[in-house]
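Spelled out, the chains give:
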Amino acid sequence: MAGISGGVHKDPINEQEVAAKYGSIRTEMNQIYSKITELEMEVSEHSLVINAIQPLDPTRRCYRMIGGVLVERTIKEVLPAVEQNKEGIEVVIARLNEALERKKKELTDFETKYKIRIRKNDGESVDENSKKEGSAQGVLVGPANA
């Protein structure tokens, strides 16, 4: 038994380990999704700033937050820095999208290896191939006067 627990980490052995590994992969995917969303919002904010200050006089005074300190600069100095930051964030988003695709592949491989199928609330299992386009669930509504 010492050889099993002390060795190199291998494939999950029981259902709890498989479920824990599956949950951790899904959690990592959700974290990547949220980070991508956060960075896309930053890119949007950078674009707004760029569009707002681009048509202005390059010698005009401008304020920029650097490390929690508000610094006075000119638009000529600030605009290239904001554009460079935006490009850097877009590169990070591209890398995160690649990482997300790898995680999706890892998840689908894990699902097929361990024959994992997601259940709906009513206990019915969901299969990607069995989903129908445009299928909708009905909503039960009581009378308006009740």
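So, here is what we can say about the structure in this document. What you see is a predicted model, and the numbers here were worked out from it, not measured in a lab. The residue numbering used here restarts from 1 in each chain and proceeds along that chain's sequence as written. The predicted origin of the model limits local features to residues at a pLDDT of at least 70 and limits the giving and counting of side-chain atom pairs to 80 or more, whereas totals for whole chains, interfaces and linings rest on all residues. Based on all heavy atoms of the structure, the side-chain values leave hydrogens and waters out of the count.

Considerations on the pattern of salt bridges
One speaks of a salt bridge when a side-chain nitrogen belonging to Lys or Arg is within 4 Å of a carboxyl oxygen belonging to Asp or Glu. A complete count under the given rule lists six salt bridges for this structure. We note a salt bridge from Glu106 to Lys103, for which the minimum N-O separation is 3.2 Å. Taken together, the residues span about one helical turn, with Glu106 and Lys103 both in helix α3 (residues 75-113) at a distance of three residues. What you see here is one network of salt bridges that share partners, running through Glu28, Lys103 and Glu106. Secondary structure elements are taken from DSSP: a helix is a run of H or I of four residues or more, a strand is a run of E of two residues or more, and numbering for both begins at the N terminus.

Side note on unusual backbone geometry
A positive phi angle is found at Lys115, which is not glycine, with a value near 50°. Along the chain, Lys115 falls in the loop between α3 and β3 (118-119). Only protein chains enter the accessibility calculation, which uses a 1.4 Å probe; a residue whose area is less than 20% of its type maximum is buried, one above 50% is exposed, and one in between is partly exposed. Here Lys115 falls in the exposed class, since its relative accessible area comes to 71%.

Re the packing of helix α2 (residues 15-53) against α3
Axis separation between α2 and α3 bottoms out at 8 Å; the angle between their running directions is 160°. In terms of orientation, α2 lies roughly antiparallel with respect to α3. α2 and α3 meet at a crossing whose hand is left-handed. Lys, Arg, Asp and Glu make up the charged group, whereas Ala, Val, Leu, Ile, Met, Phe, Trp, Tyr, Cys and Pro make up the nonpolar group; the residues left over, Gly among them, are polar. Looking at the contact of α2 with α3 residue by residue, the classes come out as 24 nonpolar, four polar and 13 charged. To get an axis, a line is fitted to the C-alpha atoms, and for a helix only the part in contact is used. The angle between two axes follows their N-to-C directions and goes from 0 to 180 degrees. Roughly parallel refers to an angle under 35 degrees, roughly antiparallel to one over 145, roughly perpendicular to one between 65 and 115, and oblique to any angle outside these ranges. It is the rotation of the near helix from the far one that decides the hand of a crossing: anticlockwise by less than a right angle makes it left-handed, clockwise makes it right-handed.

Remarks on α3
Helices are assigned an expected span. That span is 1.5 Å times one less than the residue count. Helix length check: α3, at 39 residues, gives a terminal C-alpha distance of 56 Å against a target of 57 Å (1.5 Å per residue), a fit within 8%. Count one or two residues on from α3 and you reach Lys115, which has phi positive near 50°.

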